[in-house]
Amino acid sequence: MESYDLYEHALRTKVDRYLSQFEIARAAYKAETRALAEAEQKVTDILEAQSMAQQVAQNIQQQAHDQIAGVVTRCLQAVFDDSYEFHIDFERKRGRTEAQLYFSRNGNRLDPMSASGGGCVDLASF
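The text that follows walks through the structure, step by step, so that each part is easy to find. Note that the structure is a prediction, hence the values are computed from the model and not measured.

With respect to the environment of Pro112
Along the chain, Pro112 falls in the loop between strand E3 (108-110) and helix H2 (118-125). Separated by 69 residues in the primary sequence, Pro112 and Val43 place their C-alpha atoms 42 Å from one another.

Given below as structure tokens:
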């Protein structure tokens with residue numbers, strides 16, 4: 001009978017150890033599940049904030065374009081008979097916004113450095 005009791009005790013000890021490991025694993029799983037949910041919420045919040053920041057930046061860029069392009073266009077039209085207009089295109093490249101500057105005349109896009117002459121570039125840069 002004693003060997004049966006020892007065998008039962010050994011089994012009970014083994015089962016208790018496995019139950020303890022199971023409870024530890026269950027607690028870790030619950031903690032990791034909560035951490036995952038929090039991380040997913042943070043990602044959602046960050047993406048929403050990024051979208052809002054990009055919208056604000058786009059509005060500021062548009063306002064800057066309107067101010068700068070308006071002043072430069074008026075100066076070009078005051079100096080040159082041909083009615084040049086100055087434009088800025090904002091493009092997102094490699095995670096950054098780049099500005100493409102150009103002139104237009106009679107609806108045609110002109111490269112400032114090659115197609116419009118140095119006087120226009122000098123005036124616009126001033």
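Things to note about the packing of aromatic side chains
As enumerated under the stated definition, the model contains 1 aromatic pair in all. Arg109 extends its terminal NZ or CZ atom over the ring of Tyr102, reaching a point 3.7 Å from the ring centre.

With respect to the nonpolar core
The biggest cluster of nonpolar side chains holds 10 residues, and these are Ala69, Val72, Leu76, Tyr84, Phe86, Ile88, Phe103, Leu110, Cys120 and Val121. At the level of elements, helix H1 (2-79), strand E1 (84-93) and H2 are the ones that each hand at least two residues to this core.

Thoughts on the pairing of strand E2 (residues 96-105)
When E1 meets E2, the two strands line up antiparallel, connected through 10 bridges. Within the sheet, the bridge partner assigned to Tyr84 lies in E2 and is Arg105. Counted along the chain from E1 to the antiparallel partner E2, the turn is 2 residues long, and its residue Arg94 has a positive phi close to 50°. The pairing of E2 with E3 spans 3 bridges and is antiparallel.

Points about the pattern of salt bridges
A complete count under the given rule lists 3 salt bridges for this structure. For Arg12, the salt bridge identified is with Asp16, shortest N-O distance 3.2 Å. Here Arg12 and its partner Asp16 are both found in helix H1, 4 residues apart, which amounts to about one turn of the helix. With relative accessibility at 39%, the residue Asp16 sits in the partly exposed group. A salt bridge links Arg109 to Asp89; its shortest N-O distance comes to 3.2 Å.

Some words on H1
Owing to its 3.6 residues per turn, the α-helix aligns residues three or four sequence positions apart on the same side. For H1, with 78 residues, the first-to-last C-alpha span of 112 Å sits near the 116 Å given by 1.5 Å per residue. When we look at burial in H1, the residues that qualify are Gln61, His65, Ala69, Gly70, Val72, Thr73 and Leu76.

Topic: the side chain of Thr73
Note that Thr73 resides in helix H1. Within the structure, Thr73 has its side chain in polar contact with the backbone nitrogen of Phe86 (distance 2.9 Å). Setting aside residues up to four positions removed in sequence, Thr73 forms contacts with Tyr84, Glu85 and Phe86.

Cut-offs used in this document
Residues numbered from 1 in each chain as written. Predicted model: local features only at pLDDT ≥ 70, side-chain atom pairs only at ≥ 80, totals over all residues. Heavy atoms only, no water. Helix = DSSP H or I, 4+ residues; strand = E, 2+ residues; numbered from the N terminus. Phe/Tyr/Trp six-rings, centres within 6.5 Å; stacked < 30°, edge-to-face > 60°. Lys NZ or Arg CZ within 6 Å of the ring centre and 35° of its normal. Core = buried A, V, L, I, M, F, W, Y, C linked by side-chain atoms within 4.5 Å. Buried < 20%, exposed > 50% of the residue type's maximum accessible area, 1.4 Å probe, protein only. Pairing = 2+ DSSP bridges. Salt bridge = Lys/Arg side-chain N within 4 Å of Asp/Glu carboxyl O. Expected span 1.5 Å × (residues − 1). Polar contact = N/O pair within 3.5 Å; in protein donor to acceptor, adjacent residues only side chain to side chain. Contact = heavy atoms within 4.5 Å.

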